[in-house]
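As a plain string of letters, each chain reads:
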Amino acid sequence: MPLMKPRDRVLAAFELREPDRVPEMELGIEGSIMKALIGKLEEVSGRVEDGEAGVWLEKVDNPSQGIKRTKEAAEVYIRNLYRVVKKLELDALVFSVHSLMPFKQIYLDENTWIDEWAAIWGKGLDGTGNMRVWYRGGTLKTLEDIEKFKANGWPDPYELGAVDTMVHAIKYCQKLAGDELMVIPMIHDGWEFALMARGFEAFLMDLYKNPKVNEELLEATTKFNLELAKAIVDECKVDV
């Protein structure tokens, strides 16, 4: 069988045709591993740190409001990822679009914040000395918490130009990939956002004890992700 282009190899496998070999790709690659593979990462001016998120997050403009993720920062992340994919001779550029989009975040202190879906996150060094971002828990513990959160309006994927930045990043990635590599943007699912917003224990207990508590939240998080999916399909014309 003749050697196939990486993109054609992935398409063949997805369409249940026989490729020349099994396609290879990674769902995510740590910043520290990327650095080890390609030596030096291109940086965004004023980045937060050198860890998992540091190659594409810029400094906090307002500590009470959140992090600025710009189109420039998204392009830098994509270029670094492209270099790693080429180095490893992978068949696809795979990335989480949520990671490249600007969203409101409320900082509790310098290293801890609440994201747009009411989940708590923190950053710090892991056991290998690399900066990591960790999930710390949810804030919507009760029905009253959910109602209060809802009263301020469910998160809007178009706020702060988030979808515009996402579309720009995907199209930029498609331009780099050309007809050689498959581009696979990933979104979260409604379950994940809802689970993290409430915290694992509260969410899972109410699935058994009082499932209606979670229903409206799951509906809102699912609609949020569907809006992202529609924009990816309609504006970027992605294959996967």
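Look above for the structure.
Residue numbers restart at each chain and count upward from 1, following the sequence in its written direction. Since the coordinates come from a predicted model, pLDDT governs what is reported: local features require at least 70, and pairs of side-chain atoms require 80 or more to be given and counted, while whole-chain, interface and lining totals use all residues. Side-chain numbers here rest on the full set of heavy atoms in the structure, without hydrogens or water.

## What about the sheet that holds strand 4 (residues 106-109)?
Thinking step 1. Judged by pairing direction, the sheet is antiparallel, and its four strands sit side by side in the order 4-5-6-7 without closing on themselves. The open sheet terminates on both sides in strands that have one partner only, identified here as strand 4 and strand 7 (131-138). Averaged over neighbouring strand pairs, the angle between their axes works out to 25° when direction is ignored.
Thinking step 2. Two strands make a pair as long as DSSP finds a minimum of two bridges between them. Strands are runs of DSSP state E lasting at least two residues, helices are runs of H or I lasting at least four, and both sets are numbered from the N terminus onward. In this sheet, strand 6 (residues 119-125) lies alongside strand 5 (residues 112-114) in antiparallel orientation, the contact comprising three bridges. Counterpart to Trp-113 in the pairing with strand 6 is Trp-121.
Thinking step 3. Contacts: residue pairs with any heavy atoms within 4.5 Å of one another. Interaxial angles span 0 to 180 degrees and are taken between N-to-C directions of axes, which are lines fitted to C-alpha atoms, for helices over the stretch in contact. Helix-sheet contacts for helix 6 (residues 190-198) involve strand 6 and strand 7, and the interaxial angle to strand 7 is about 75°.

## Focus: the pairing of strand 7
Thinking step 1. In this structure, strand 6 lies alongside strand 7, joined through seven bridges in antiparallel fashion. Looking at the pairing, Ile-120 lines up with Gly-137 of strand 7.
Thinking step 2. In this structure, the hairpin formed by strand 6 and strand 7 is closed by a connection of five residues, where Gly-129 is found at a positive phi of approximately 85°.

## Digging into the nonpolar core
Thinking step 1. In this description, a nonpolar core means a group of buried Ala, Val, Leu, Ile, Met, Phe, Trp, Tyr and Cys residues linked to one another through side-chain atoms lying within 4.5 Å. Relative accessible area decides the class of each residue, using a 1.4 Å probe on protein chains only: under 20% of the type maximum gives buried, over 50% gives exposed, and in between gives partly exposed. Membership of the largest hydrophobic core comes to 53 residues, with the highest contact counts inside it found for Leu-81, Leu-93, Phe-95, Met-101, Met-166 and Ile-170.
Thinking step 2. Taken together, the elements giving at least two residues each to this core come down to helix 2 (31-38), helix 3 (71-88), strand 3 (92-96), strand 6, helix 4 (143-151), helix 5 (162-177), helix 6 and helix 8 (212-236).
Thinking step 3. The element contributing the most residues to this core is helix 5, with nine residues.
Thinking step 4. Counting six residues, the second largest nonpolar core, distinct from the first, contains Val-10, Leu-11, Ala-92 and Val-94.

## Quick word on unusual backbone geometry
Thinking step 1. Of note in the backbone geometry, Leu-16 takes a positive phi value of approximately 60° without being a glycine.
Thinking step 2. Judged by relative accessible area, Leu-16 falls into the exposed class, the value being 79%.
Thinking step 3. At Glu-89, a position not held by glycine, the phi torsion is positive, near 55°.
Thinking step 4. With respect to the helices and strands, the residue Glu-89 is situated in the loop between helix 3 and strand 3.

## Notes on the packing of aromatic side chains
How two aromatic rings sit relative to each other is given by the distance of their centres and the angle of their planes.
Thinking step 1. In this analysis, rings of Phe, Tyr and Trp, with Trp reduced to its six-membered ring, are considered paired at centre separations within 6.5 Å, and the interplanar angle assigns stacked below 30 degrees, edge-to-face beyond 60, and tilted for intermediate values. Counted by the stated rule, this structure contains 10 aromatic pairs.
Thinking step 2. Between the aromatic rings of Trp-121 and Tyr-135, the centroid separation amounts to 5.5 Å while the plane-to-plane angle is 65°, which identifies the pairing as edge-to-face. Linking Trp-121 in strand 6 with Tyr-135 in strand 7, this pair joins segments that are 14 residues apart in sequence.
Thinking step 3. Arranged with centres 5.9 Å apart and planes meeting at 85°, the rings of Phe-193 and Phe-224 form a pair that is edge-to-face. One end of the pair, Phe-193, is in helix 6; the other, Phe-224, is in helix 8, with 31 residues separating them in the sequence. Across the pair, Phe-224 and Phe-193 agree in class, each one buried.
Thinking step 4. The rings of Trp-117, Phe-149, Trp-154, Phe-193 and Phe-224 are connected pair by pair, giving a single aromatic cluster.

## What about the environment of Asp-156?
Thinking step 1. For Asp-156, the position within the fold is in the loop between helix 4 and helix 5.
Thinking step 2. The partly exposed category is assigned to Asp-156, whose relative accessible area is 36%.
Thinking step 3. Each C-alpha atom of the pair Asp-156 and Phe-103 lies 9.1 Å from the other, and the pair is 53 residues apart in sequence.
Thinking step 4. Discounting residues that sit within four places of it in the chain, Asp-156 has contacts with Phe-103 and Phe-224.

## What about the pattern of salt bridges?
Thinking step 1. Salt bridges are identified by distance alone: a Lys or Arg side-chain nitrogen within 4 Å of an Asp or Glu carboxyl oxygen. In total, this model carries 13 salt bridges according to the counting rule given.
Thinking step 2. The salt bridge partner of Lys-5 is Asp-179, with a shortest N-O separation of 3.0 Å. Taken as a pair, Lys-5 in the segment before helix 1 (6-14) and Asp-179 in the loop between helix 5 and strand 8 (182-186) lie far apart in primary sequence, 174 residues in all.
Thinking step 3. Owing to a relative accessible area of 52%, Asp-179 belongs among the exposed residues under this scheme.

Spatial relationships are all this shows, so hold off on functional conclusions.
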